Structure formats: structure tokens, C-alpha cells
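Structure assessment
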Amino acid sequence: MGRLARIVELYYDVLSPYSWLSFEVLCRYQHVWNVDLQLRPSYIAGIMKDSGNRPPAQLPRKALYMVNDLRRLRQHFQVPVQVPEDFFSVVFEKGSLSAMRFLTAVCLECPEMLEKVSRELWMRIWSLNEDITEPQSILTAAEKAGMSAEQAQEILGKISTPRVKNQLKETTEAACNYGAFGLPITVAHVDSQTHMLFGSDRMELLAYLLGEKWMGPVPLAPNARL
């Protein structure tokens, strides 16, 4: 009898490029490691406020480092991430509330689409330099992910309902209760213990905690190291 899948939760916001890196790695490894990957759309602005943290891009040296870091990580993780042209407007003025409410509604109404719709929203903001705040932008991402126009419109119509708002709030509060001060966080439930890992650079540690092999960010690549 095979080993039961361990639960690994990813708390993320599409406003966070590092969340995208964690997301893709975990999606690649979920069957390799036999884990039950549970995606948790969260609201990064709420976590930053609750923890008293500041976005790294508000500090000039950290902002410069992040631009160079993402350029390197783009190749290493094989994820087409790049900084939006109008970075500060995108991150600090427009934000991600509507997008994360939409993903929360997707999670509630058709969870089988959550992975694909999340990826398309990341593609828009962090690869194609496109908007994720306007209703039509969100609908375009959903339809590109494979959702019908009718289904996407129906879900979009629910993002202001108490059910969706409360679920996003509860998920964000759950991340805070785990100790989050930013996103992404990965929460692994292993042998009756819970481990919270911050950032996209803790995947090798996650493998250790799971008792699995880390083969780099692209595990099925021919040159992946065992």
C-alpha cells in the first residue's frame, strides 16, 4: 500500500512574483513527492498590515536587488517572470484585491480551475505587463485558462458577496496565524507536525522535512541533479 499523501498548503497572492515561483515548483513536485497540494489564495496587503512589515520594493536597495534577483530566478526556475514597466503603480496603487477575490470565488465554485486561472493572472501581471484589476482583464485570464465566458462572468459576479469576502479574510487570517509576514508561505503537515516556510527559496528544506529528494526547481529536466 502506498504512502498517504502529506498535506502541503501554499498561501499566495498573484501580486507576489515569489509566490509564482513557489507555485510552479510545488505544482511540478506534487506528484513526484506524493503530496496533497492545497492552494490558498490570500491577500498580501492584509498580511503586511497585520504583521507590521513593509514591502521590500519600498526600500531602494531591496528594490534594485529584487529586479536583478527576478532576472536570475526567471532562468533558474524556468518561469517567465519579469518586472512590470510601471511597477510601483501596479503593486502599490492598483493592488490585487479584485484578482484575489476572484481566485477565492474560483476556489469555492470550481476548485479544479484554480491552478490554471492563478497561473494566467500571474502571466498577465508578471510576464505580459498587463492589467489584473479591471473586470475584463480578469475575465480574459479566466477564459484563457479554459473557463467558459459564461462561467467566468458568473464567478466574477460573486466577488463582492459576503461569502467570498469572508473566505478571503479567513484564509488571510489563517496565514497570519501561522506566522506569515509576507507571501508566499508554504505550510507542510508532516507526522503530526506543522512547518511554516516563508519564501520561494525553502523548497530544498521542504523536501528534507518530507523525506524526499530535491532535484532542483524543474525536477523532470534531463540535467536535474539527484
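This report concerns the structure included in the present document. Everything numeric here is computed off the predicted structure, so don't read it as measured data.

Each value, and the rule that gives it
Residues numbered from 1 in each chain as written. Predicted model: local features only at pLDDT ≥ 70, side-chain atom pairs only at ≥ 80, totals over all residues. Heavy atoms only, no water. Helix = DSSP H or I, 4+ residues; strand = E, 2+ residues; numbered from the N terminus. Rg over C-alpha atoms; globule rule 2.2 N^0.38 Å. Contact = heavy atoms within 4.5 Å. Areas by Shrake-Rupley, 256 points an atom, 1.4 Å probe, with all protein chains shown as cover. Lys, Arg positive; Asp, Glu negative; His and termini not counted. Charge placed at Lys NZ, Arg CZ, Asp CG, Glu CD. Phe/Tyr/Trp six-rings, centres within 6.5 Å; stacked < 30°, edge-to-face > 60°. Buried < 20%, exposed > 50% of the residue type's maximum accessible area, 1.4 Å probe, protein only. Pairing = 2+ DSSP bridges. Axes fitted to C-alpha atoms, helices over the stretch in contact; angles between N-to-C directions. Disulfide = S-S within 2.5 Å. Arc of directions from axis to C-beta. Salt bridge = Lys/Arg side-chain N within 4 Å of Asp/Glu carboxyl O. Parallel < 35°, antiparallel > 145°, perpendicular 65-115°, else oblique. Nonpolar A, V, L, I, M, F, W, Y, C, P; charged D, E, K, R; others polar.

**Some words on the overall build of the chain**
- The helix and strand inventory of the chain stands at ten helices and four strands.
- Reading the chain from its N end, one meets helices and strands in the order β-α-β-α-α-α-α-α-α-α-α-β-β-α.
- Relative to the globule expectation of 17 Å for 226 residues, the C-alpha radius of gyration of the chain, 17 Å, shows essentially globular dimensions.
- A separation threshold of at least 6 residues defines the contact pool for the chain, and within that pool the share at least 24 residues apart is 72%.
- Counting every atom, the chain has about 11800 Å² of accessible surface; 51% of that belongs to carbon and sulfur.
- Side chains of the chain give 24 positive and 25 negative charges; the mean places of these two sets differ by 6 Å.

**With respect to the packing of aromatic side chains**
- For the structure shown, the criterion picks out 13 aromatic pairs.
- Measuring from ring centre to ring centre gives 5.2 Å for Y12 and W122, while their planes differ by 35 degrees; the resulting arrangement is tilted. Of this pair, Y12 sits in strand 1 (residues 6-12) while W122 sits in helix 6 (residues 114-126), and the two are 110 residues apart along the sequence.
- Residue Y12 is classed as buried on the basis of its relative accessible area, which comes to 0%.
- By the ring-pair criterion, three or more aromatic residues cluster together here, those being Y12, W20, F23 and W122.

**Some thoughts on the sheet that holds strand 3 (residues 185-190)**
- Pairing is mixed in the open sheet, where four strands are placed in the order 2-1-3-4. Of all strands in the sheet, those bounded by a partner on one side alone are strand 2 (35-41) and strand 4 (193-198). Averaged over all pairs of adjacent strands, the angle between strand axes in this sheet comes to 20 degrees, irrespective of strand direction.
- Here strand 3 runs beside strand 4; their pairing, made up of six bridges, is antiparallel. Along strand 4, the bridge assignment pairs A188 with H195.
- In the packing of helix 5 (residues 97-109) onto the sheet, contacts are made with strand 1 and strand 2, and the angle to strand 2 comes to roughly 135 degrees.

**Here we look at the state of the cysteines**
- Tallied over the full model, the rule gives zero disulfides.
- As a non-bridged cysteine, C27 has C107 as the owner of its nearest cysteine sulfur, 13 Å distant.
- A relative accessible area of 11% means that C27 is categorised as buried.

**As for helix 2 (residues 44-51)**
- Considered for burial, the residues of helix 2 that qualify are I44, I47 and M48. Taken end-on, helix 2 shows its buried residues confined to a sector of 100 degrees, consistent with a single buried face. Away from its buried face by more than 90 degrees, helix 2 exposes K49 and D50.
- The elements touched by buried residues of helix 2 are helix 9 (162-177).
- In the segment just after helix 2, G52 is the residue with positive phi, at about 80 degrees.

**Overview of the pattern of salt bridges**
- What the rule picks out here adds up to ten salt bridges.
- Put simply, E212 and R6 hold a salt bridge, and the shortest N to O gap is 2.8 Å. Placement of the pair is E212 in the segment after helix 10 (203-210) and R6 in strand 1, with a sequence separation of 206 residues.
- On the accessibility criterion, E212 (21% relative accessible area) is partly exposed.

**Side note on unusual backbone geometry**
- Cis rather than trans, the peptide bond between L183 and P184 has omega equal to 10 degrees.
- Here P184 lies in the loop between helix 9 and strand 3.
- Although it is not a glycine, N129 sits at a positive phi angle of roughly 60 degrees.
- Summarising the element assignment, N129 is placed in the loop between helix 6 and helix 7 (135-144).

**Some points on the packing of helix 5 against helix 9**
- Look at helix 5 against helix 9: their axes get within 9 Å of each other, and the N-to-C directions meet at 100 degrees. Taken together, the axes of helix 5 and helix 9 lie roughly perpendicular to each other. Residue-level contacts link L97, M100, R101, T104, A105, L108 and E109 of helix 5 to R163, V164, K165, Q167 and L168 of helix 9.
- Split by residue class, the contact of helix 5 with helix 9 holds six nonpolar, two polar and four charged.

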